Amino acid sequence: MPRSSSLRTRLAGAAAAVVLAAAAALAAALPAQAATLTQVTGFGSNPGNLSMYAYRPDGLPANAPAVVLLHGCTQNAAGYFTNSGWQKYADLWKFALIVPQQSSANQSLSCFNWFTEGDINRGQGEALSIRQMVDYAKSTYGLDGSRIYISGLSAGGAMTSVMLATYPDVFAAGSVIAGLPYRCSPPASTSTCQYSGVDKSPAAWGDLVRAAYSGYTGRRPRVSIWHGTSDTTVVPMNATESRDQWTNVLGVSQTPTSTAALPAGTSLEVYGNDAVRLYRVAGMGHGTPVDPGSAADQCGTATSYFLDTICSTYRDALFFGLDGGVTPSPTATATPSPTVSPTTAPVCVTASNYAHVTAGRAYQSGGYAYALGSNQNMGLYNTFYTSTLKQTGPNYWVIGC
């Protein structure tokens, strides 16, 4: 090689080295890639044909907990992750999120199949696919298998009931938002369950859960239930029936041990030793309760099926214990129920069902009036049908006096 050519080669090599060094220095100076919701493949045999997404916040420690999030009909994993507020608390308190996604190929509206026999049994269909996602995340991300939780909206809430019933050995607690009891459908039709509700005794509802994993004698997950009192897509009666189901399964009374008044007209009923919580959001329709803002107890984005009321995600994260026990539970200031003194006559009101709804003692759904709190059917919602209601606690009315 001629001398001039050799010099040019050495100069070019030196220049390249300088460029590489500068690039390395720049890369070191830039912040690390922020965590994002990422699709995961190869998590199992996936008999339910679902997609898996996962979010691992920066700095996720070993043996971290995780929450499974189940979206509602017409929604997807990214939308529920973005709008529900769960990312905020995953980043703050360092836990993982597992977000299954349904497809229109499985169900035309992308609803999880909470009403299909092949998807709601242990070891089958969509229920098994979700279980496989949890197993993959536990082994791959080094999660704490004793701290796996689940939450879902609407069809996702109903599917949350499925998972809590079929896999009580997997989940420590769950949250059913605008959902339904396990095995309302089948046998009842989905429209009956959603728009009318199905009345069963607590024992009958509990037997359905116990039969989902016959012979299981281990601990059962705690359950949080959220429902808007003006929900016409999944009537509020389903919240009461879900309460009956899970209190029976967990062996506690259907009478609350305490109640509390929370923001946005939300009432909280606590059952047993905080085994079951029932949140009723006054005047709210069908959706996940959110409360956009930067305060510690605010979260989410107000949009379709994410309703600006109260941050349910914050309350559920505390119920699950994801804050490490640092933040006080909202039940710490709860008042014993009933709040009416034994020496004070109960408040009784006789009026038309229309007047009861107007005054906030009841709500209407599907042409019928229901007592606020107890969700008892009062009959037709009009000015001609008269009922007597008795108040037994804050935002809690029953038929009769």
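Residues numbered from 1 in each chain as written. Predicted model: local features only at pLDDT ≥ 70, side-chain atom pairs only at ≥ 80, totals over all residues. Heavy atoms only, no water.

In the annotation of an unreviewed UniProt entry, the entry for the protein chain reads PHB depolymerase family esterase, and the organism field reads Micromonospora sicca.

Asker: How would you summarise the overall build of the protein chain if you had to cite specific residues and measurements?
Answerer: Assigned secondary structure in the protein chain consists of 10 helices and 19 strands. For the protein chain, buried positions account for 51% of its 401 residues. Here the contacts in the protein chain between residues at least 6 apart in sequence split such that 65% fall between residues at least 24 apart. Carbon and sulfur atoms form 55% of the exposed surface of the protein chain, whose accessible area is close to 16,400 Å². (Helix = DSSP H or I, 4+ residues; strand = E, 2+ residues; numbered from the N terminus. Buried < 20%, exposed > 50% of the residue type's maximum accessible area, 1.4 Å probe, protein only. Contact = heavy atoms within 4.5 Å. Areas by Shrake-Rupley, 256 points an atom, 1.4 Å probe, with all protein chains shown as cover.)

Asker: Got a sec to walk through the packing of aromatic side chains? Specific residues and values, please.
Answerer: All told, the structure shown has 12 aromatic pairs when counted by the stated rule. Measuring from ring centre to ring centre gives 5.3 Å for Tyr80 and Phe306, while their planes differ by 50 degrees; the resulting arrangement is tilted. Linking Tyr80 in helix α2 (residues 77-83) with Phe306 in strand β12 (residues 306-308), this pair joins segments that are 226 residues apart in sequence. Neither residue differs from the other here; Tyr80 and Phe306 are each classed as buried. Ring centres of Tyr213 and Tyr216 lie 4.9 Å apart, and the angle between their planes is 20 degrees; on these two criteria the pair is classed as stacked. Under the relative-accessibility criterion, Tyr213 is labelled partly exposed at 23%. Within the aromatic cluster, the residues linked to one another by ring pairs are Trp86, Phe95, Tyr149, Phe319 and Phe320. The cationic tip of Arg122 hangs over the ring face of Tyr213; the distance from NZ or CZ to the ring centre is 3.8 Å. For Lys200, the ring lying beneath its charged end belongs to Trp205, and the centroid distance is 5.6 Å. (Phe/Tyr/Trp six-rings, centres within 6.5 Å; stacked < 30°, edge-to-face > 60°. Lys NZ or Arg CZ within 6 Å of the ring centre and 35° of its normal.)

Asker: Please give an account of unusual backbone geometry that cites residues and values.
Answerer: In this model, Ser185 is joined to Pro186 through a cis peptide bond whose omega is -10 degrees. With respect to the helices, strands and loops of the structure, Pro186 is situated in the loop between β6 (173-177) and α6 (190-195). Cis geometry marks the peptide bond from Pro186 to Pro187; its omega dihedral reads 15 degrees. Along the polypeptide, Pro187 turns up in the loop between β6 and α6. Phi angles above zero are rare outside glycine, and Thr74 is one such case at about 65 degrees.

Asker: Explain the side chain of Gln102 to me, and be specific about the residues and the numbers.
Answerer: Relative to the assigned elements, Gln102 resides in the loop between β4 (96-101) and α4 (125-141). In this structure Gln102 comes out as buried when scored by relative accessible area, which is 4%. Of the polar contacts made by the side chain of Gln102, one reaches the side chain of Glu126; its length is 2.7 Å. Discounting chain neighbours no more than four positions away, the residues touching Gln102 are Leu50, His71, Ser110, Cys111, Phe112, Asn113 and Glu126. (Polar contact = N/O pair within 3.5 Å; in protein donor to acceptor, adjacent residues only side chain to side chain.)

Asker: So, the layout of surface pockets: which residues are in play, and what are the values?
Answerer: Its volume calculated, the largest pocket comes out at about 320 Å³. The wall of the largest pocket is formed by 19 residues, among which Cys73, Leu109, Cys111, Ser154 and Gln194 lie closest to the centre. A class-by-class count of the residues in the lining of the largest pocket yields 10 nonpolar, 9 polar and no charged. (1 Å grid on protein atoms, 1.4 Å probe; cavity = no way out; pocket = protein on both sides within 12 Å on 5 of 7 lines; lining within 4 Å. Points joined across faces, edges and corners; volume = space filled by probe spheres on them. Nonpolar A, V, L, I, M, F, W, Y, C, P; charged D, E, K, R; others polar.)

Asker: I'd like a rundown of the packing of helix α3 (residues 86-93) against helix α9 (residues 312-320), residues and numbers included.
Answerer: Remark: α3 packs on α9, axes separated minimally by 9 Å, with the N-to-C direction vectors making an angle of 40 degrees. By the angle between their axes, α3 is oblique relative to α9. For α3 against α9, the interelement crossing comes out right-handed. Contacts between α3 and α9 involve Trp86, Tyr89 and Trp93 from the former and Thr313, Tyr314, Asp316, Ala317, Leu318 and Phe320 from the latter. (Axes fitted to C-alpha atoms, helices over the stretch in contact; angles between N-to-C directions. Parallel < 35°, antiparallel > 145°, perpendicular 65-115°, else oblique. Left-handed = near helix turned anticlockwise from the far one by under 90°.)

Asker: Explain the sheet that holds strand β19 (residues 396-399) to me, using residue names and the numbers behind them.
Answerer: Pairing between sheet strands relies on hydrogen bonds along the backbone, with the strands arranged either parallel or antiparallel. Here 3 strands make up an open sheet; going across it, the order is β14-β18-β19 and the pairing antiparallel. Either end of the sheet is taken by a strand with one partner, and the two such strands are β14 (347-352) and β19. Averaged over all neighbouring strand pairs, the angle between strand axes comes to 35 degrees, with direction disregarded. In terms of strand pairing, strand β18 (residues 386-393) meets β19 through 4 bridges, oriented antiparallel. Opposite Gln391, over in β19, you have Trp397 as the bridge partner. (Pairing = 2+ DSSP bridges.)

Asker: If you had to explain α4 to someone new, which residues and values would you point to?
Answerer: Between its first and last C-alpha atoms α4 spans 24 Å; for 17 residues at 1.5 Å apiece the expected length is 24 Å, and the two agree. The buried fraction of α4 is high, at 12 of 17 residues. Three or more residues of α4 are buried, namely Gly125, Glu126, Ala127, Leu128, Ser129, Ile130, Arg131, Gln132, Met133, Val134, Ala137 and Tyr141. Those residues of α4 that are buried are in contact with β1 (38-40), β2 (51-55), β3 (66-70), β4, β5 (148-153) and α5 (155-166). Phi turns positive one or two residues past the end of α4, at Gly142, with a value near 70 degrees. (Expected span 1.5 Å × (residues − 1).)

Asker: How would you sum up the side chain of Glu241? Please name residues and give values.
Answerer: Note that Glu241 resides in helix α8 (residues 237-249). This buried residue, Glu241, is left without a salt bridge; Arg243 holds the nearest opposite charge, at 6.7 Å. With residues up to four places along the chain from it excluded, the contact list for Glu241 reads Pro181, Val198, Asp199, Lys200 and Trp205. (Lys, Arg positive; Asp, Glu negative; His and termini not counted. Salt bridge = Lys/Arg side-chain N within 4 Å of Asp/Glu carboxyl O.)

Asker: Now, about helix α7 (residues 202-212): what can you tell me, with residues and values included?
Answerer: Listing the buried residues of α7 in full gives Trp205, Gly206, Val209 and Ala212. Projection of α7 onto a plane perpendicular to its axis shows the buried side chains occupying an angular sector of 110 degrees, all on one side. (Arc of directions from axis to C-beta.)

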